[in-house]
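Summary of structural features
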Amino acid sequence: MLRINSLGGVAVLAALVGFTSACTKTPEPEKPDCQEQPGIACIWAGATGALGFNGDGHDRRDTMLYWPIDMEFAPDGTPWILDWNNHLIRKLNGDQTFTTVVGSFLGDGAADGSDAQAPGAPGLEVSLNHPTDIVFKADGTLVFAAWHNHKIRELDPTTGNVVIVYGKGPGFAGDGATDAATIRFNQPSKIAFDSKGSFYVVDQRNFRVRKISADGSEVGTLAGNGKKGFSGDTGPAIDAQLEFEAGPNPEPSGAVAVRTSDDAVFVADALNHRVRMIDKNGIITTIAGTGTDGFSGDGGKATDAELSNVKDMEFGPDGRLYLADADNNRIRSIDLATGLIETVAGNGTKGSDEVDGIGARDITLYRPFGIAFDAAGSLYISDTFNSRIIKVPGVAVAK
């Protein structure tokens, strides 16, 4: 069945266009890679100027992407990307070409259901419906949010098999259970681990952040009472209200990040245009954003700044918290020691202008949904609606 998506006012034939590639341009000849200059941006992948799918085996700069939404680095340093509207998870090979590892077409798992239990199904036999986030365990296991499938899946790096670990379809269930197999989500959009291996999920349409212990024996809600809105600052996070997108055809919404030094949990309360922190005692506090949708505040206190629909958060190697301030077309950072916020990439103008060789704060972005860092502190921006990934060296060098 053909499914039509409409996101951000752009109508797309997700199942058809993503794989038959309604290409608007012929891929250009291979370009020389950009220079490694701190603070200077370059297009790292998806530089063809077209959205769609032209297959694996091309240089990363000549590979067509369709709204890349997230990127992560495996423990061995290998880059992986979520090619969102192609419904694929892809990794970069040593020869700088991409290989698809998970996904075959728009759908929900293996045709025979074999990914429902161990050992799972081969990744290329597992269909996905808009996966939204990827994280790695220390052993290289890839965990990802199968957002429109309402499930969390894992990829075994040794066998290449994919298996469902949490979720059985849309709903809300599992809190208080001693078996994580009972849990149900409604569009889980973002995921993160703490230092003890506990697992956090933005349960988007349930307006909650859920927590599952490392061994799966404890399931509960960390934040959100299930009612959309804003309330609860300085009180128990479980009694607070959060607001994520939840209309008839929402975008992925919200984000979660964990500071592993103390396991404080940070939540992008997207439609409240705030970032909130949950401390070890379960108390929630706003640490960025006034609640007004807009842009202001660079160089000042993050609590006095305006944000617009933060889509992702990551801690950089320098300890700062970085935000994909998507509807401001910027990437911003918060120094949690001083509380100050600044823009590190994007001039705020929505566009797809030339990037290579330009200072990161002077480039145009188009609703960046994802950010990632390599071990050297280079920033990678999923410039989602431009269907490209931008690299900025030297942004978050560890001190």
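The model shown is predicted, which means the values in this text are computed figures rather than measured ones.

**A word on the overall build of the protein**
- Scanning the protein from N- to C-terminus turns up 1 helix and 28 strands.
- For a compact globule of 399 residues, the expected C-alpha radius of gyration is about 21 Å, and the protein comes in at 20 Å, within 12% of that figure.
- Summarising its shape, the C-alpha atoms of the protein cover approximately 55 × 55 × 40 Å along the three principal directions.
- Among the 399 residues that make up the protein, the fraction classed as buried is 60%.
- When contacts within the protein are restricted to residue pairs at least 6 apart in sequence, long-range pairs at least 24 apart make up 48% of them.
- In the structure as shown, the protein presents an accessible area of about 14,800 Å², 51% of it carried by carbon and sulfur atoms.

**Comments concerning the pattern of salt bridges**
- Taken as a whole and judged by the stated rule, the model has 26 salt bridges.
- The residue Arg 320 makes a salt bridge to Asp 318 at a minimum N-O spacing of 2.8 Å.
- Owing to a relative accessible area of 16%, Arg 320 belongs among the buried residues under this scheme.
- Each of the salt bridges in this network shares a partner with another, and the network as a whole consists of Glu 245, Glu 251, Lys 311, Asp 327 and Arg 367.

**Some words on unusual backbone geometry**
- Across the junction of Ala 118 and Pro 119, the peptide omega takes the value 5°, indicating a cis bond.
- Structurally, Pro 119 can be placed in the loop between β7 (98-102) and β8 (121-122).
- Phi is positive for Trp 67, which is not a glycine, with a value near 60°.
- Turning to its location among the elements, Trp 67 is positioned in the loop between β3 (40-45) and β4 (68-73).
- The backbone of Asn 329 sits at a positive phi, close to 55°, despite the residue not being glycine.
- Structurally, Asn 329 can be placed in the loop between β22 (321-325) and β23 (330-335).
- Its relative accessible area of 6% is what places Asn 329 among the buried residues.

**Describing the environment of Met 277**
- Its place among the elements puts Met 277 in strand β19 (residues 274-278).
- Separated by 43 residues in sequence, Met 277 and Thr 234 have C-alpha atoms that sit 10.0 Å apart.
- Met 277 has contacts with Arg 259, Ala 264, Val 265, Phe 266, Ile 283, Ile 284, Thr 285 and Ile 287, leaving out every residue within four places of it along the chain.

**Some remarks on the confidence of the model for the protein**
- Looking at the protein as a whole, the pLDDT averages 92, with 92% of positions reaching at least 70.
- Contacts of residues 1-29 to residues separated by more than four positions or lying in other chains number 70 contacts, the stretch itself having pLDDT below 50.

**A word on the sheet that holds β23**
- Taken in spatial order, the 4 strands make up an open sheet running β21-β22-β23-β24, and their pairing is antiparallel. Each edge of the open sheet carries a strand with a single partner, namely β21 (310-315) and β24 (340-345). Geometrically, the sheet is characterised by an average inter-axis angle of 25° between neighbouring strands, direction not taken into account.
- Strand direction decides the pairing type here: β23 and β24, joined by 5 bridges, are antiparallel.

**Some words on the sheet that holds strand β20 (residues 284-288)**
- Strand order in the open sheet made by the 4 strands is β17-β18-β19-β20, with antiparallel pairing throughout. Each edge of the sheet is formed by a strand with only one pairing partner; in this case those strands are β17 (255-259) and β20. Within this sheet the neighbouring strands show an average axis-to-axis angle of 30°, counted without direction.
- With 5 bridges connecting them, β17 and strand β18 (residues 264-269) associate as antiparallel partners. Looking at β18, one finds that Ala 257 is bridged to Phe 266.

**Concerning the nonpolar core**
- Trp 80, Ile 89, Val 102, Ile 134, Leu 142, Phe 144 and Leu 155 are the most contacted members of the largest nonpolar core, which totals 25 residues.
- Ignoring anything within four residues of it in the chain, the contact list for Leu 142 reads Trp 80, Ile 89, Ile 134, Val 135, Phe 136, Arg 153, Glu 154 and Leu 155.
- With 20 residues, the next largest nonpolar core counts Ala 324, Phe 373, Ile 390 and Ala 396 among its residues.

Rules behind the numbers
Residues numbered from 1 in each chain as written. Predicted model: local features only at pLDDT ≥ 70, side-chain atom pairs only at ≥ 80, totals over all residues. Heavy atoms only, no water. Helix = DSSP H or I, 4+ residues; strand = E, 2+ residues; numbered from the N terminus. Rg over C-alpha atoms; globule rule 2.2 N^0.38 Å. Buried < 20%, exposed > 50% of the residue type's maximum accessible area, 1.4 Å probe, protein only. Contact = heavy atoms within 4.5 Å. Areas by Shrake-Rupley, 256 points an atom, 1.4 Å probe, with all protein chains shown as cover. Salt bridge = Lys/Arg side-chain N within 4 Å of Asp/Glu carboxyl O. pLDDT = per-residue confidence, 0-100. Pairing = 2+ DSSP bridges. Axes fitted to C-alpha atoms, helices over the stretch in contact; angles between N-to-C directions. Core = buried A, V, L, I, M, F, W, Y, C linked by side-chain atoms within 4.5 Å.

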